[in-house]
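Secondary and tertiary structure notes
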Amino acid sequence: MRASGRALLWTGMLLGVAACGGPQPQDADETAGQAPATAQAQPEAPDIALPRVTVSGDESAHVVEAWTPPAVEIGEDADRRALRRQAEAALREGRLYEDAAAAAPIYLALSRTDPQDRQARDGLRRTTTAVLAAADRALAEAATDPQSGALERAVALAAVARTLDAEDRRVRSLQQRVERARRVAALVRAGREDLRGGQLDGALAWFREALALEPQDRDARQGLGAVESALVDRAQGEADRLEFDAAAGWLEQAGAVRGDMAGAVADARARIEAQR
């Protein structure tokens, strides 16, 4: 994979470009002479919707959107006790940050207008914990269902958590995990785009890089399987034209995708041998 392709992907992610195109590495067709690519295109997988990103200063280490708390006006004659009750009720109901009646905006306003308000500070800590728990659930859902929108929720929650307590080690850990999930999603998307374009070497490189970040990522593993299937199809196409040396070359590449010569690759090898 060319270094410029990598740089383009990460630059695109950091600037909020949702369509993260992969590089155009030398395709397997070019390395195998004139062997034509006869593989049918893999069924198009739904794209991963990537959230937009804004970065400034040292925030680039942990990329999250900024969250601006909804304004909560607290005058000198405000009933702070009533506001604390309102915030507590919102926290119990899971309304954490969405509007001015949610827990985080109210507790933030109470804490900022009176830093000595211990009840507000305690409420803010408990709200931060609830936001972190919600983000963990969103990341877990995103891992099992990338099209659920859960990754976007995790990004939003990470931004809220950062506003509530940027120095909390749990918040910093969440930022790192959210950024890793975003990068894996972008790599998988780039792999799919190369796969649809028949750029099997490029697709393989992107899927492998995604798995280096997240070894259990389902979509990246499926991507490897799709590359392997495409290579097997090319081998079969060559065998059908009685080009058995070319077919053997494609099978060798297919077997190297997952380091496993069993399964579909072994079946294809036996089928092609029977055609000789």
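Looking only at helices and strands, one finds ten helices and zero strands in the protein. Helices and strands appear in the protein in the N-to-C order α-α-α-α-α-α-α-α-α-α. Every one of the 276 residues in the protein was classed for burial, and the buried ones make up 43%. For the protein, the share of sequence-separated contacts (at least 6 apart) that also reach a separation of at least 24 residues comes to 66%.

To continue, consider the packing of aromatic side chains. Inspection of the entire model under this criterion finds one aromatic pair. The interplanar angle of 85 degrees and the centroid separation of 6.2 Å between the aromatic rings of Trp67 and Tyr97 together place this pair among those described as edge-to-face. With Trp67 in the loop between α1 (3-14) and α2 (80-93) and Tyr97 in the loop between α2 and α3 (103-113), this residue pair connects regions lying 30 residues apart in the sequence. Residue Trp67 is classed as buried on the basis of its relative accessible area, which comes to 14%. Here the basic side chain of Arg234 rests over the ring of Trp250, its NZ or CZ set 5.3 Å away from the ring centre.

So, about helix α8 (residues 218-240). The terminal C-alpha atoms of α8, which comprises 23 residues, lie 33 Å apart, in line with the 33 Å expected from a rise of 1.5 Å per residue. With 17 of 23 residues buried, α8 lies mostly within the body of the structure. The distance from a side-chain oxygen at the start of α8 to the backbone nitrogen of Asp219 is 3.3 Å, and the residue carrying that oxygen is Asp217. Just beyond α8, the residue with positive phi is Leu242, at close to 65 degrees.

Here the focus is the layout of surface pockets. For the largest pocket, the calculated volume is near 400 Å³. Surrounding the largest pocket, 17 residues form its lining, Ala142, Ala143, Ala181, Glu214 and Asp217 being those nearest its centre. It is helix α6 (residues 169-196) that provides the largest number of residues to the lining of the largest pocket, a total of six residues. Grouping the amino acids of the lining of the largest pocket by side-chain chemistry returns ten nonpolar, one polar and six charged.

Counting 38 residues, the largest nonpolar core has Trp67, Tyr107, Leu110, Val131, Leu164, Leu174 and Val178 as the members making the most contacts within it. Broken down by secondary-structure element, the contributors of at least two residues to this core are α2, α3, α4 (118-144), α5 (150-164) and α6. The greatest single-element share of this core, amounting to ten residues, is contributed by α5. Not counting chain neighbours up to four residues away, the residues in contact with Leu110 comprise Ile74, Arg80, Leu83, Arg84, Asp117 and Ala120.

The next subject is the packing of α4 against α6. Relative placement of two packed helices is described by the angle separating their axes and the distance separating the axes. Across the interface, α4 lies against α6 with an axial gap of 11 Å and an inter-helix angle of 20 degrees. Relative to α6, the element α4 is oriented roughly parallel. You can see that α4 and α6 cross each other, and the crossing is left-handed. Every residue of α6 that contacts α4 at Thr128, Thr129, Leu132, Ala135, Asp136 and Leu139 is listed here: Arg170, Val171, Leu174, Arg177, Val178 and Ala181.

At a minimum axis separation of 8 Å, α2 and α3 run at an interaxial angle of 150 degrees. Helix-helix and strand crossings are classified by hand; for α2 and α3 the assignment is left-handed. Packed against α2, whose contacting residues are Arg80, Leu83, Arg84, Gln86, Ala87, Glu88, Ala90 and Leu91, the element α3 presents Ala103, Ile106, Tyr107, Leu110 and Thr113 at the interface. For the contact of α2 with α3, the residue count by class is eight nonpolar, two polar and three charged.

This brings us to helix α9 (residues 244-257). Given a rise of 1.5 Å per residue, 14 residues ought to cover 20 Å, and the 20 Å separating the end C-alpha atoms of α9 matches this to within 8%. Taken together, the buried positions of α9 are Phe244, Ala247, Trp250, Leu251, Ala254, Gly255 and Val257. The buried side chains of α9 occupy one side of the element, clustering within an arc of 140 degrees when seen end-on. For α9, exposure combined with an orientation more than 90 degrees from the buried face picks out Asp245 and Glu252. Its buried side turned inward, α9 meets α7 (200-213), α8 and α10 (264-275). Phi for Gly259, located one or two positions after α9, is positive at around 65 degrees.

The rules behind the values
- Residues numbered from 1 in each chain as written.
- Predicted model: local features only at pLDDT ≥ 70, side-chain atom pairs only at ≥ 80, totals over all residues.
- Heavy atoms only, no water.
- Helix = DSSP H or I, 4+ residues; strand = E, 2+ residues; numbered from the N terminus.
- Buried < 20%, exposed > 50% of the residue type's maximum accessible area, 1.4 Å probe, protein only.
- Contact = heavy atoms within 4.5 Å.
- Phe/Tyr/Trp six-rings, centres within 6.5 Å; stacked < 30°, edge-to-face > 60°.
- Lys NZ or Arg CZ within 6 Å of the ring centre and 35° of its normal.
- Expected span 1.5 Å × (residues − 1).
- Polar contact = N/O pair within 3.5 Å; in protein donor to acceptor, adjacent residues only side chain to side chain.
- 1 Å grid on protein atoms, 1.4 Å probe; cavity = no way out; pocket = protein on both sides within 12 Å on 5 of 7 lines; lining within 4 Å.
- Points joined across faces, edges and corners; volume = space filled by probe spheres on them.
- Nonpolar A, V, L, I, M, F, W, Y, C, P; charged D, E, K, R; others polar.
- Core = buried A, V, L, I, M, F, W, Y, C linked by side-chain atoms within 4.5 Å.
- Axes fitted to C-alpha atoms, helices over the stretch in contact; angles between N-to-C directions.
- Parallel < 35°, antiparallel > 145°, perpendicular 65-115°, else oblique.
- Left-handed = near helix turned anticlockwise from the far one by under 90°.
- Arc of directions from axis to C-beta.

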